[in-house]
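Given next are the chains, with one letter for each unit.
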Amino acid sequence: MAETAVPRREITTLADINRLGTAFCGAKAVLSAIELGLFTELSAGPATEAELCERLGLHPRAVPDFLSTLAALGLLDVKDDHYASTPAAARFLDRTSPSYGGGFLERANHMMYPAWENLTGLLRTGEPQVAGREDQAAAFERMMGDPDHLDRFLRMMDAVSGPLGPELAAKFDWANYTTVVDIGGARGNLLAHILNAHEHLSGYVFDLRGIESAFGTHMEALGLRDRARFVSGDFFKDALPQSDVLIIGHVLHDWSPAERAQLIRKAFGALQPGGALLIYDQLTGQGHGGDPWNEIISLNMQLLSPGGSEYTLTECRTWLRDAGFQSISTFTLGEHDTCVVALKDR
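About the cut-offs
- Residues numbered from 1 in each chain as written.
- Predicted model: local features only at pLDDT ≥ 70, side-chain atom pairs only at ≥ 80, totals over all residues.
- Heavy atoms only, no water.
- Helix = DSSP H or I, 4+ residues; strand = E, 2+ residues; numbered from the N terminus.
- Rg over C-alpha atoms; globule rule 2.2 N^0.38 Å.
- Buried < 20%, exposed > 50% of the residue type's maximum accessible area, 1.4 Å probe, protein only.
- Contact = heavy atoms within 4.5 Å.
- Core = buried A, V, L, I, M, F, W, Y, C linked by side-chain atoms within 4.5 Å.
- Polar contact = N/O pair within 3.5 Å; in protein donor to acceptor, adjacent residues only side chain to side chain.
- Axes fitted to C-alpha atoms, helices over the stretch in contact; angles between N-to-C directions.
- Parallel < 35°, antiparallel > 145°, perpendicular 65-115°, else oblique.
- Left-handed = near helix turned anticlockwise from the far one by under 90°.
- Nonpolar A, V, L, I, M, F, W, Y, C, P; charged D, E, K, R; others polar.
- Pairing = 2+ DSSP bridges.
- Right-handed = clockwise from strand over helix to strand, strands pointing away.
- Salt bridge = Lys/Arg side-chain N within 4 Å of Asp/Glu carboxyl O.

(A) Up close: the overall build of the chain. Each helix and strand counted, the chain has 15 helices and nine strands in total. Relative to its length of 346 residues, the chain is compact, with a C-alpha radius of gyration of 22 Å against a globular reference of 20 Å. Seen along its three principal axes, the alpha-carbon backbone of the chain occupies a region of about 65 × 50 × 35 Å. The proportion of buried residues among the 346 residues of the chain is 48%. Taking as baseline every contact in the chain between residues at least 6 positions apart, the subset at least 24 positions apart corresponds to 68%.

Here it is, written out as structure tokens:
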């Protein structure tokens, strides 16, 4: 897969520029609606402004414009002064929906939105713009001790992995493998999609100890406790489980280039001969064009972490070859991800 520029949207007028510069306004309207549980409330049926004010505890002054904004953005329908979620909002933003995908946006509201206010600070200092600027490992440990923070993180991970899991299960040829380990796989949402699609596989999630209980509950609900196990550990300190296939998805972007190379070397050592390492992330062009969303996410990682960012396919190939992989290929995953497949010689 070549690193090619994605065509840019043409900006020709002041109005175009103004829309770009104020895009945060519409974003915050959506994030507040999710925080308030608006779309979940509307799952019971259409409601008027007054009814929504009463049920959600809102002051009536700004609600008409708030609801009109969401309607203009395509998330609400209006009929006879009653508001209802559009089909997409009902499917993906109602917390009671099995397709709920708002976990990513919940975390965006609590972490990304405040951090982006300080983008200028990142550009001037090169340092993350979050309170404490603590060591990355310490930040994860702190999250383990905060149930609300951990719950938001796990919902975010599920929201991101949910669409990718079925595609990864279908696009990679699993026929010649029997075991798979998802490194940093949270409560196993991605692993579950793969195991459900391939009954001959058994798998593990390798992640911090604080996630094990949530993993067990999730696997029990999905009927996979007999084929899915949790191995706790720190992937920089502890040995990785031996396996036919290792997955490292949306993990490398949390860490510095040196740490990414270290983790890939450990993965090479943990793979069985003939095994496969699957890495997926939102690869960038790093100043030479690319997917606009991926470039934004890369900036976001730098705002939130001392060493994190997205990276290029060229960089990933270098880390893989330095670790000992020779056969490297790629395929697209979802709208923005690239999956890099590296095979270990027999």
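From this point, the discussion proceeds with the structure in view.
(B) Just the nonpolar core, in detail. Of all hydrophobic cores here, the largest spans 38 residues; its most connected members are Leu-168, Phe-172, Trp-174, Ile-247 and Leu-278. When sequence neighbours within four positions are dropped, the list of residues in contact with Leu-278 reads Leu-168, Phe-172, Trp-174, Val-245, Leu-246, Ile-247, Ile-248, Cys-339, Val-340 and Val-341. Counting residues in hydrophobic clusters, the runner-up holds 30 residues, among them Leu-240, Leu-246, Leu-263 and Phe-325.

(C) Molecular detail of the side chain of Asn-109. For Asn-109, the location among the structural elements is in helix H7 (residues 103-116). For Asn-109, a relative accessible area of 8% corresponds to the buried category. A polar contact is formed between the side chain of Asn-109 and the side chain of Glu-35, at a distance of 3.0 Å.

(D) Representation of the packing of H7 against helix H10 (residues 147-171). Contact geometry of H7 with H10 gives a least axis separation of 6 Å together with a crossing angle of 135 degrees. When the interaxial angle is binned, H7 and H10 end up oblique. By crossing handedness, the relation of H7 to H10 is classed as left-handed. Of the residues in H10, those touching H7 at Gly-103, Phe-104, Glu-106, Arg-107, His-110 and Met-111 are His-149, Arg-152, Phe-153, Arg-155, Met-156, Ala-159 and Val-160. Here the contact of H7 with H10 is built from residues that sort into six nonpolar, three polar and four charged.

(E) Spotlight on the pairing of strand E4 (residues 202-207). Bridge count between strand E3 (residues 179-183) and E4: five bridges; the pairing is parallel. Its bridge partner being in E4, Asp-182 is matched across the sheet by Val-205. In terms of handedness, the path from E3 via helix H11 (residues 189-197) over to E4 forms a crossover that is right-handed. Alignment of E4 against strand E5 (residues 228-232), held across five bridges, turns out to be parallel. Paired with Phe-206 across the two strands is Val-231, which belongs to E5. In this view, the connection linking E4 to its parallel neighbour E5 by way of helix H12 (residues 212-222) has right-handed handedness.

(F) Structural view of the sheet that holds strand E9 (residues 337-343). The seven strands lie next to each other as E5-E4-E3-E6-E7-E9-E8, forming an open sheet whose pairing is mixed. In this open sheet, the two strands that pair with only one neighbour each are E5 and strand E8 (327-333). Direction aside, the axes of adjacent strands within the sheet are offset by 20 degrees on average. Running at roughly 170 degrees to E4, H11 makes contact with E3, E4, E5, strand E6 (243-249) and strand E7 (271-281) of the sheet. Each of E4 and E5 touches H12; the most contacted strand, E5, lies at about 175 degrees to it.

(G) Representation of the pattern of salt bridges. Within this structure, the stated rule accounts for eight salt bridges. A salt bridge links Arg-19 to Asp-16; the nearest nitrogen and oxygen atoms lie 2.5 Å apart. Here Arg-19 pairs with Asp-16, and both are found in helix H1 (residues 14-21), just three residues apart, close to one helical turn. We classify Asp-16 as buried; its relative accessible area is 10%. Ionic pairing is found between Arg-55 and Glu-41, a salt bridge with its closest N-O pair at 3.5 Å. Of the two residues, Arg-55 is situated in helix H4 (residues 49-56) and Glu-41 in helix H3 (residues 38-41); the sequence distance between them amounts to 14 residues. Here the salt bridges share partners, and the residues they tie into one network are Arg-95, Glu-106, Asp-151 and Arg-155.

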